[in-house]
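Below are the chains, spelled out letter by letter.
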Amino acid sequence: MTRRRQIYEGKAKILYEGPEPGTIIQYFKDDATAFNAEKKGTINGKGVINNRISEHVFTRLSHIGIPTHFIRRLNMREQLVRQVEIIPIEVIVRNVAAGSICKRLGLEEGEPLPHTLIEYCFKDDALGDPLVSEEHIACFNWASLEEMQDMSSMAIRINDFMCGMFAAIDIRLVDFKLEFGRLFDGDFSRVILADEISPDGCRLWDMKSGEKLDKDRFRRDLGGEEDAYREVARRLGLMQEEDNGPGEVLDLSSHRSRLRGMPPKK
Ligand code: UDP
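So, here is what we can say about the structure in this document. Every chain is numbered on its own, with residues counted from 1 as its sequence reads. Residues qualify for local features only when their pLDDT is at least 70, as the model is predicted, and side-chain atom pairs are given and counted only at 80 or more; totals for whole chains, interfaces and linings, by contrast, use all residues. As a rule here, side-chain values cover all heavy atoms of the structure and leave hydrogens and water aside.

### Some points on unusual backbone geometry
Move 1: Unusually for a residue other than glycine, aspartate 129 sits at a positive phi of about 45°.
Move 2: Helix numbering and strand numbering both begin at the N terminus, where a helix is a DSSP run of H or I of at least 4 residues and a strand a DSSP run of E of at least 2. Assignment of secondary structure puts aspartate 129 in the loop between strand E9 (112-122) and strand E10 (131-132).
Move 3: At aspartate 170, a position not held by glycine, the phi torsion is positive, near 60°.
Move 4: Within the secondary structure layout, aspartate 170 lies in the loop between helix H4 (145-167) and strand E11 (171-185).

See the structure below:
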């Protein structure tokens, strides 16, 4: 078998040339990083779960008319996607205050925001992905006005859909990050959803206990990150019952004492 050509290796994924022109293979690693890669580690089995969760979310989003790069899952760790030119902007959608916005604006973690907030960060590791305004994006031509409109309107639709999808499985969608890309067709391009949607790039809290079911477990050394990711997949109906033992409900209570600032909800 000939070795595939690697195009790019990122923090959590490797991209390989796909079987047909215009396609790429996304390989999901178990590697985890936080704080602009100052903290590095692995979360066992994360790549397999994120591949599956992202497939599920992208497929469901395509059913409500969101154009995405996802073509099909190839195996446990790989999916075939359309090749796009990534727009160098991270679109952050927030429903509840958490993470960097709390530090920046002195908000208390867990405070619901008056309304959904969209923020933009310039994708540049060396600069630590700084927060930028639409003015910066236009000024430096990182995206056109039309692309900005497409990204923000898709982000709102994706948020509405995902809030409902997660609420149905007792998970609060606190915030998440999206990346978009340009799909070229001759001289024209259109914006489609790219990258991945998984607990790596979302804050997901259990509705009842407030338990964190996302990468904050790794960022904040809370422990139980593998179990948390599996729990999200299980609730989405993506795991065989045997994976957790028949009918067994995952219990993160042993890690609960290490949670800070999030008292269990009544
Ligand atoms: N996020 C991400 N990649 C980044 C920055 C943020 O996936 O490079 C996600 C993060 O997981 C969270 C949301 O975007 O769900 C908002 O992150 P925040 O700005 O609070 O930054 P953080 O606290 O993660 O540094």
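### Structural notes on the site of the ligand
Move 1: Taken together, 15 residues lie near the ligand, and Arg94, Ser100, Asp175, Arg203 and Arg219 sit nearest.
Move 2: Between N or O atoms, a polar contact is any pair within 3.5 Å; within protein, one atom must be a potential hydrogen donor and the other a potential acceptor, and residues adjacent in sequence are included only when both atoms are from side chains. One of the side-chain N or O atoms of arginine 94 is found 2.6 Å from an oxygen atom in the ligand.
Move 3: In this structure, an oxygen atom belonging to the ligand sits 3.5 Å away from a side-chain N or O atom of aspartate 129.
Move 4: Here the accessible surface of atoms and residues is derived via Shrake-Rupley with a 1.4 Å probe, and residues count as covered only by protein chains that are part of the display. Protein chains shield 77% of the accessible area of the ligand, which is 500 Å² for the free molecule. When we say a residue is near a molecule or strand, we mean one of its heavy atoms is within 4 Å of it.

### Let's talk about the packing of helix H1 (residues 46-63) against H4
Pairs of packed helices are described in terms of their axes, by the angle between the two and the distance that separates them.
Move 1: To obtain each axis, a line is fitted to C-alpha atoms, and for helices this fit is confined to the stretch in contact; angles are then taken between N-to-C directions over 0 to 180 degrees. The geometry of H1 relative to H4 is characterised by a closest axis approach of 11 Å and an angle of 120° between their N-to-C directions. Overall, the two elements H1 and H4 adopt an arrangement that is oblique. Judged by the sense of rotation from one axis to the other, the crossing of H1 with H4 is right-handed. Contacts from His56, Val57, Arg60 and Leu61 in H1 reach Ile158, Phe161, Met162 and Met165 in H4. Reported orientations rely on four angle classes, namely roughly parallel under 35 degrees, roughly antiparallel over 145, roughly perpendicular from 65 to 115, and oblique for the rest. In this scheme the handedness of a crossing depends on how the near helix is turned from the far one: anticlockwise by less than a right angle means left-handed, clockwise means right-handed. Whether two residues are in contact is decided by their heavy atoms: any pair within 4.5 Å suffices.

### A look at the environment of arginine 94
Move 1: If you trace the backbone, arginine 94 turns up in strand E8 (residues 85-96).
Move 2: Considered as a pair, arginine 94 and valine 174 are 80 residues apart in the sequence and their alpha carbons are 6.2 Å apart.
Move 3: Excluding residues that lie within four positions of it along the chain, arginine 94 makes contacts with Ser100, Ile101, Arg104, Leu113, His115, Thr116, Leu117, Glu119, Val174, Asp175 and Arg203.
Move 4: A distance of 3.1 Å separates polar atoms of two side chains, one belonging to arginine 94 and the other to serine 100.

### As for the side chain of glutamate 225
Move 1: Its place among the elements puts glutamate 225 in helix H6 (residues 225-235).
Move 2: For every residue, the accessible area obtained with a 1.4 Å probe (protein chains only) is divided by the maximum for its type, and the residue is called buried under 20%, exposed over 50%, and partly exposed between those limits. Charge assignment: positive for Lys and Arg, negative for Asp and Glu; neither His nor the chain ends contribute. Counted as salt bridges are all cases of a side-chain nitrogen of Lys or Arg within 4 Å of a carboxyl oxygen of Asp or Glu. Here glutamate 225 is buried and forms no salt bridge, its nearest opposite-charge partner arginine 217 lying at an N-O distance of 5.5 Å.
Move 3: Those residues in contact with glutamate 225, other than ones at most four positions away along the chain, are Ile43, Arg217 and Phe218.

### Looking at the layout of surface pockets
Think of a ball as big as a water molecule: rolled over the atoms, this probe shows where empty space is left.
Move 1: Computed over the protein atoms alone on a 1 Å grid, cavities are sets of points where a 1.4 Å probe fits but cannot get out and pockets are open sets with protein on both sides within 12 Å along at least five of seven lines; a residue lines them when it has an atom within 4 Å of a point. Grid points are joined across faces, edges and corners, and a volume is the space filled by probe spheres set on the points. Here the second largest pocket defines a volume of roughly 190 Å³.
Move 2: Contributing to the lining of the second largest pocket are twelve residues, with Val48, Arg52, Met76, Leu238 and Met239 lying nearest its centre.
Move 3: Where the lining of the second largest pocket is concerned, the elements lending two or more residues are H1 and H6.
Move 4: Counting residues per element, the lining of the second largest pocket draws most heavily on H1, at four residues.
Move 5: Residues are grouped as follows: Ala, Val, Leu, Ile, Met, Phe, Trp, Tyr, Cys and Pro are nonpolar; Asp, Glu, Lys and Arg are charged; all remaining types, including Gly, are polar. Tallied by class, the residues present in the lining of the second largest pocket amount to six nonpolar, two polar and four charged.

### Details of the sheet that holds strand E1 (residues 6-9)
Move 1: Taken in spatial order, the five strands make up an open sheet running E1-E2-E3-E7-E6, and their pairing is antiparallel. Every interior strand has two partners, whereas the edge strands, E1 and strand E6 (70-73), have only one. Put simply, the sheet's adjacent strands are angled 25° from each other on average, direction ignored.
Move 2: Against the sheet, H1 contacts strand E3 (23-28), E6 and strand E7 (78-82), and its axis sits at roughly 135° relative to E6. The criterion for strand pairing is that DSSP finds at least two bridges linking the strands in question.

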